[in-house]
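Breakdown of the fold
These are the residues of each chain, in order.
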Amino acid sequence: MRPFDFTRPDDLEGACAAGFTEGATFIGGGTNLIDLMKLEVMAPAHVVDVTRLGLDRIEDEGDGLNIGATVRNADLAADPRVRRRYPVLSRALLAGASGQLRNRATTAGNLLQRTRCPYFQDRDSACNKRTPGAGCAALGGEVRNHAILGTSEHCIALHPSDMAVAMRALDAEIEVRDPEGGMRSMDLDHFYRLPRDTPHIETRLEPGDLITSVRLPAPKGDRQIYRKVRDRASYAFALVSVAAVLRMEGGKIAHAAVAFGGIGTEPWRDIEVDAMLTGETPSDSLFDKAGEVLVQGADVQDGTAFKVPLVQRVLKDVLWRAVA
Amino acid sequence: MSVQLKVDDRDTGEVTQNVLGRDTERRDARQKVTGRATYAAEIRPEGLVHGALVRAPGMGRVELANRAEVEAMPGVLMVLSDARMIRNAAQGAAGEAPVQGVETAAYVGQPVALVVAESFEAAAHAARTLTVTCEGASNEIDPEKVEIAEDDTDETAQGDLEAALREARHEIDRTYTTPSMHSAAMEPHAALAEWDGARLTVRASLQMLRYNRAEIADCLGIDTENVRLLSPFVGGGFGSKLGISAEAVAAALAARELGRPVRVVQHRRSVFEVNTRRSETTQRIRLGADAEGRLDAIGHEALVSNLPEEDFSEPVLQGTHFAYAARNRLLVQRTARIHRPAAGSVRAPGEAVGITAFEIAMDELADEVGIDPVELRLANIPEKDPESDVPFSSHMLAETLHDGAARFGWADRPRAARQRREGEWWIGSGMAACFRVNMMMPAEARVRLTADGAIVETDMTDIGTGSYSILGQIAAEALGLTAEGVEVRLGDTDFPPGSGSGGSFGAASTGTAVWLACAEIRTALAGRMDCEPGELTLREGTVQCGNRSRPLAELLNGETLTGHGEVEPGKAEDKVRQATFGACFAEVAVSDVTGETRLRRMVGSFAAGRILNPRTARSQAQGGMIWGTGMALTEALLHDRRDGHVVNRDLAEYHLPVHADIPEMDIALLEESDPWAGPLHAKGIGELGICGSGAAVINAIHNACGVRVRDLPATPDRVLGGLS
């Protein structure tokens with residue numbers, strides 16, 4: 001670990017000013033950042049702790065919720081409003097990491113966690129995400145915990161979050177404060193960037209931007225399911241996960257929002273899949289077709305080929321449970 | 001004076017005080033859960049400095065490109081790259097230096113230097129800053145792609161396998177693979193080295209101190225007498241701490257040069273590379289049987305790997321040699337010399353993977369013949385060792401099969417695959433027999449008796465297995481004391497050399513040495529009572545001979561009686577085949593949607609001679625069964641296909657089972673006494689549970705959903721491929 005400055009401001013302005021300095025990074029729970037700093041995969045010169053900014057509250061906002069950036073994953077999962085109205089989010093959170101990690105990890109930190117690609121974590125391997133232009137050792141290497149959608153010839157790294165998958169299905173919005181004090185919000189749909197030829201740039205945040213909260217609109221569907229497939233019963237990243245938020249009207253699917261983990265370079269959602277489900281009567285053939293549309297153009301390697309049938313099976317299972 | 005025993009024959013004595021065999025709490029339990037058990041890295045002497053190992057990013061000749069720059073970094077004291085450093089941990093019981101020299105890297109991840117600094121952080125950062133280049137090697141890393149030398153082939157043949165297979169009513173010819181695996185002990189390998197003139201003291205995390213002491217002395221070129229090793233507590237070993245390790249040698253070299261105590265703790269990622277892995281295996285198994293399932297042909301051919309010059313080959317066939325009768329046999333072991341990290345002993349080397357594959361093949365044969373898998377095993381239990389023709393010292397496989405089947409409710413299982421379903425989950429049951437060789441190792445111990453109680457001393461280690469408890473119980477039994485009346489001191493080479501921990505031999509070997517040391521004290525007491533040792537009864541501070549009784553304190557008269565016990569294996573090894581046996585039964589649920597397997601329950605029934613402490617024995621059996629489950633379902637060390645480096649070298653990605661994977665386990669330890677195992681009649685229990693439990697899980701998957709997994713582990717993708 002490299003020496004670094006550490007500050008723990010107690011007001012937003014001070015935090016954002018500190019976060020805008022060269023080589024600065026914000027820290028919430030640190031469950032991912034500290035590991036990567038120990039490996040020197042990340043080496044910030046200045047670490048700015050944002051856990052004293054009063055961003056740790058969950059507040060009602062109309063029919064929706066405003067979730068502070070530093071609300072702990074464990075607290076968010078246990079919140080009665082979340083459990084009642086956004087069970088998909090609670091389930092997704094509880095499917096992630098371990099109890100100890102969830103006690104530390106924060107909402108914004110979870111959104112910003114880095115990939116688990118082993119070549120990204122290994123400084124002796126080439127990685128375009130770590131060192132732009134260095135090449136990608138994952139390509140042609142041991143590929144399993146990698147993406148099949150949203151990939152590029154420069155990067156196939158998977159976004160590992162469970163929470164963010166559920167948030168995508170819930171149409172979450174991110175509130176961001178810029179260094180000048182301006183506030184803006186963006187859809188989670190537009191928050192992440194595909195790797196293309198700049199895999200080191202993962203989101204649309206600019207230097208000094210601080211996520212202050214995540215807003216959930218009123219739930220658009222009362223049928224919510226999160227299903228995660230993994231190598232062991234707990235403490236493993238998703239091989240595939242599916243978050244579904246549906247509403248039924250007169251035997252037809254009135255609202256469908258389906259998001260996926262374990263397959264995309266970002267928490268994945270495909271509006272084509274949602275669109276083809278909406279207004280339709282549930283059937284095997286409809287759900288099979290949704291699965292086919294989802295994986296069109298999938299970039300499959302030796303070690304990830306299984307994700308295509310797996311995600312299709314899980315999607316179909318989740319949709320049938322949701323409409324039942 | 002000492003009492004020596006070479007185990008040449010059966011023992012006719014009896015053990016009677018009832019302290020042994022009692023379920024007692026572990027002596028070190030409170031220390032461990034309250035943090036008072038101090039491990040190697042927890043000692044902080046005055047002037048302590050910190051070392052970090054530097055990793056080779058490639059293979060071949062090593063250059064430390066920016067050495068001077070790193071040496072000049074703040075806090076950095078030295079960059080050590082010394083011809084006496086070792087490339088990987090020594091093999092178990094080597095007693096001499098492993099391959100030395102780090103000027104070339106034999107595998108990716110090899111330590112090539114040590115950076116020492118005033119702080120841990122500075123050392124770690126400097127180690128990462130050192131630019132290491134490796135050139136000039138294009139070493140093969142795929143075991144299937146190298147030619148196997150004659151020296152690396154071992155063959156045992158009896159009868160005519162091919163002919164027998166041709167004539168067999170039922171035949172199985174299958175190939176199974178198991179991946180590289182790792183011990184992944186919780187405590188990372190660590191050492192703290194300190195010199196006092198010519199004398200070196202190393203606090204380390206090691207399993208076999210008597211050998212480790214000789215190994216590090218040989219590495220450094222100093223006299224063994226000048227080395228003291230201390231490992232009073234070891235946070236798990238499972239084979240990875242059998243031999244002297246890279247950080248201990250490097251710490252000693254740096255400490256000598258700097259004249260300060262040096263501590264080196266391996267990074268978790270380094271633990272997975274520098275300390276021996278379990279070799280991957282490819283196993284072709286051919287079985288020929290008659291209409292009733294009686295085996296007439298057993299073929300078992302294994303391909304394993306190791307680095308050149310490593311004197312270890314995963315003994316895959318070790319259990320096959322004695323497991324089942326068959327007149328025609330061909331057992332072939334081949335070792336591919338490749339440049340993946342070194343392979344060595346990992347819990348139950350040999351049977352863990354060999355019996356697992358074999359017991360899957362037996363399940364396939366049972367299907368083929370159309371008989372109950374338990375019946376198939378029962379039909380093939382040999383009368384004598386199938387190869388050497390000597391009798392078994394004791395053999396309770398049949399009893400464990402019956403006991404396990406009854407506990408599990410085997411009779412109620414689904415007979416064929418895909419019979420039971422709960423929602424999306426296929427439910428199925430599987431079983432396997434367990435086999436493990438029994439070993440004894442030379443061991444010594446000293447016992448001192450005063451009126452206040454006894455003190456046991458040996459350099460034996462307790463790697464989490466219960467050595468402290470059991471050795472205390474043995475002395476208490478022999479000297480008529482309560483367990484609390486005995487103090488046990490371990491893990492210090494100033495004490496007499498014990499067996500060390502490994503190969504399940506610790507309790508029986510070092511325990512026998514303690515027993516013999518006590519026998520010497522008993523003889524001395526009998527002398528003072530003027531009677532024969534056999535007439536002596538010691539109980540609660542009184543010494544009895546016939547109808548005469550005197551208080552122990554009075555008899556000792558303020559003196560200390562010292563006994564020294566020494567045991568070594570003898571001719572018994574040639575006269576009988578000694579092994580432990582068991583049976584595991586598993587019930588699993590397999591998702592028809594995802595291919596995920598969940599273990600629902602597991603029963604293990606084991607016979608391992610006399611059980612010294614049911615609590616620690618049960619814990620060992622359970623640990624083995626959990627390990628078997630991990631081997632079946634989740635564990636695989638992945639090697640990069642281009643350079644062989646270990647890709648998943650942390651505990652997030654190397655998937656050991658977690659609590660949620662493991663249901664309640666029902667474990668029975670059958671009553672048995674093996675008189676060929678020395679005066680305690682006890683055999684090893686530490687590794688038996690892993691030698692078959694994984695096969696029970698794999699066989700249960702087949703019974704559940706009809707998918708036969710032959711490439712372990714049975715991750716969802718591998719099961720999914722077989723589901724419709």
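Before reading further, recall that the structure is shown in the block above.
Residues numbered from 1 in each chain as written. Chains lettered and ligands numbered in written order. Predicted model: local features only at pLDDT ≥ 70, side-chain atom pairs only at ≥ 80, totals over all residues.

**Section: the overall build of chain A**
So the rule is basically this: The numbering of helices and of strands both runs from the N terminus, where a helix is a DSSP run of H or I of at least 4 residues and a strand a run of E of at least 2. To get the radius of gyration, use the C-alpha atoms; to get the globule rule, take the number of residues to the power 0.38 and multiply by 2.2 Å. Neighbour density around each residue's C-beta defines its exposure: 20 or more other C-beta atoms within 10 Å make it buried, 12 or fewer make it exposed, and counts between make it partly exposed, where C-beta atoms are placed from the backbone. Here, residue contact means that the backbone-derived C-beta atoms of the two residues sit within 7 Å.
For chain A, the helix and strand inventory stands at 12 helices and 12 strands. Taken against the 2.2 N^0.38 rule, which gives 20 Å for 324 residues, the C-alpha radius of gyration of chain A at 19 Å falls within 12% of a compact globule. Taken along the three principal axes of its C-alpha coordinates, chain A extends 60 × 50 × 35 Å. For chain A, the proportion of its 324 residues judged to be buried stands at 52%. A sequence separation of at least 24 residues applies to 65% of the contacts in chain A between residues at least 6 apart.

**Remarks on the overall build of chain B**
Tallying secondary structure elements over chain B gives 18 helices and 28 strands in all. Whereas a compact globule of 724 residues would reach a radius of gyration of roughly 27 Å, chain B reaches 26 Å, a difference of no more than 12%. The principal-axis extents of the C-alpha atoms in chain B amount to approximately 80 × 70 × 50 Å. Expressed as a percentage of its 724 residues, the buried residues of chain B come to 61%. Put simply, of all contacts in chain B between residues at least 6 apart along the chain, 82% involve residues at least 24 apart.

**A few points about the interface of chain A and chain B**
Put simply, the test is: Residue type decides the class: Asp, Glu, Lys and Arg count as charged, Ala, Val, Leu, Ile, Met, Phe, Trp, Tyr, Cys and Pro as nonpolar, and the leftover types, Gly among them, as polar.
Each partner contributes to the interface: chain A provides 23 residues, whereas chain B provides 26 residues. The greatest single-element share of the side of chain A that touches chain B, amounting to five residues, is contributed by helix H12 (residues 307-323) of chain A. Tallied by class, the residues present in the side of chain A that touches chain B amount to 11 nonpolar, three polar and nine charged.

**Some words on the environment of Gly239 of chain B**
For Gly239 of chain B, the location among the structural elements is in the loop between strand E12 (227-230) and helix H6 (246-258). Gly239 of chain B sits 55 residues away from Ala184 of chain B along the chain, and the two C-alpha atoms are 9.9 Å apart.

**Quick notes on helix H1 (residues 12-19) of chain A**
Residues spaced three or four apart along an α-helix face the same direction, because each turn holds 3.6 residues. Residues and elements named next belong to chain A. Rule in force here: Each C-beta atom gives one direction from the helix axis, and the arc is the one those directions make.
Within the sequence span of H1, burial applies to Ala15, Cys16, Ala18 and Gly19. Here the buried residues of H1 occupy an arc of 160° about the axis, which is enough to place them on one side. The inward-facing, buried residues of H1 abut strand E1 (5-7), strand E2 (24-27), strand E3 (46-49), strand E6 (173-177) and strand E8 (210-216).

**Here we look at the sheet that holds strand E5 (residues 104-105) of chain B**
Residues and elements named next belong to chain B. Short version of the rule: Any two strands between which DSSP finds at least two bridges are classified as paired.
Sheet architecture is open: three strands sit in the order E5-E3-E7, paired in antiparallel fashion. Looking along the sheet, the strands with just one partner apiece sit at the ends: E5 and strand E7 (132-136). Here strand E3 (residues 60-64) runs beside E7; their pairing, made up of five bridges, is antiparallel. Note that in E7 the partner of Val62 across the bridge is Cys134.

**Points about the sheet that holds strand E5 (residues 64-68) of chain A**
All names here are of chain A. What counts is decided by this rule: Here the axes come from fitting lines to C-alpha atoms, over the contacting stretch only for helices, and the angles between their N-to-C directions go from 0 to 180 degrees.
Within the open sheet, the five strands sit side by side as E4-E5-E8-E6-E7. Their pairing is antiparallel. Either end of the sheet is taken by a strand with one partner, and the two such strands are strand E4 (58-61) and strand E7 (183-187). Within this sheet the neighbouring strands show an average axis-to-axis angle of 25°, counted without direction. Bridge count between E6 and E8: five bridges; the pairing is antiparallel. Within E8, the residue paired with Arg177 across the bridge is Leu210.

**Some remarks on the packing of helix H12 (residues 467-479) of chain B against helix H13 (residues 506-529) of chain B**
Residues and elements named next belong to chain B. To keep it simple, the criterion reads: Angle categories: roughly parallel below 35 degrees, roughly antiparallel above 145, roughly perpendicular from 65 to 115, and oblique for all the rest. What makes a crossing left-handed is the near helix being turned counterclockwise from the far one by less than a right angle; a clockwise turn instead makes it right-handed.
In the contact formed by H12 and H13, the axes pass within 9 Å of each other and the chain directions differ by 30°. In terms of orientation, H12 lies roughly parallel with respect to H13. Helix-helix and strand crossings are classified by hand; for H12 and H13 the assignment is right-handed. Taking contact as the criterion, the partners of Ser467, Ile470, Leu471, Ile474, Ala475, Ala478 and Leu479 in H12 are, on H13, Gly506, Ala507, Thr510, Gly511, Val514, Trp515, Cys518, Ala519, Ile521 and Arg522. Grouping the amino acids of the contact of H12 with H13 by side-chain chemistry returns 12 nonpolar, four polar and one charged.

**A short note on the nonpolar core**
Residue and element names in this part refer to chain B. Our working rule: Any nonpolar core is a set of buried residues, restricted to Ala, Val, Leu, Ile, Met, Phe, Trp, Tyr and Cys, that join up through C-beta atoms within 7 Å. An automatic or database domain assignment is the source of the domain bounds shown.
Within the largest apolar cluster, 336 residues are counted, with the highest numbers of intra-cluster contacts made by Val115, Ala251, Ala475 and Ile701. Ranked by residue count, the leading element in this core is helix H9 (residues 351-369), at 11 residues. Looking at which domains feed residues into this core, each of domain 1 (3-37 + 440-574) and domain 2 (371-437 + 578-720) gives three or more.

**Topic: H6 of chain B**
Residue and element names in this part refer to chain B. What counts here: A helix is expected to span 1.5 Å for every residue after the first.
If you check H6, its first and last C-alpha atoms are 18 Å apart, about what 13 residues at 1.5 Å a residue would give, namely 18 Å. The element H6 is largely enclosed, with a buried count of 10 among its 13 residues. Looking at H6, one finds that the buried residues are Ala246, Glu247, Ala248, Val249, Ala250, Ala251, Ala252, Leu253, Ala254 and Ala255. One or two steps after H6, the chain reaches Gly259, where phi turns positive at roughly 65°.

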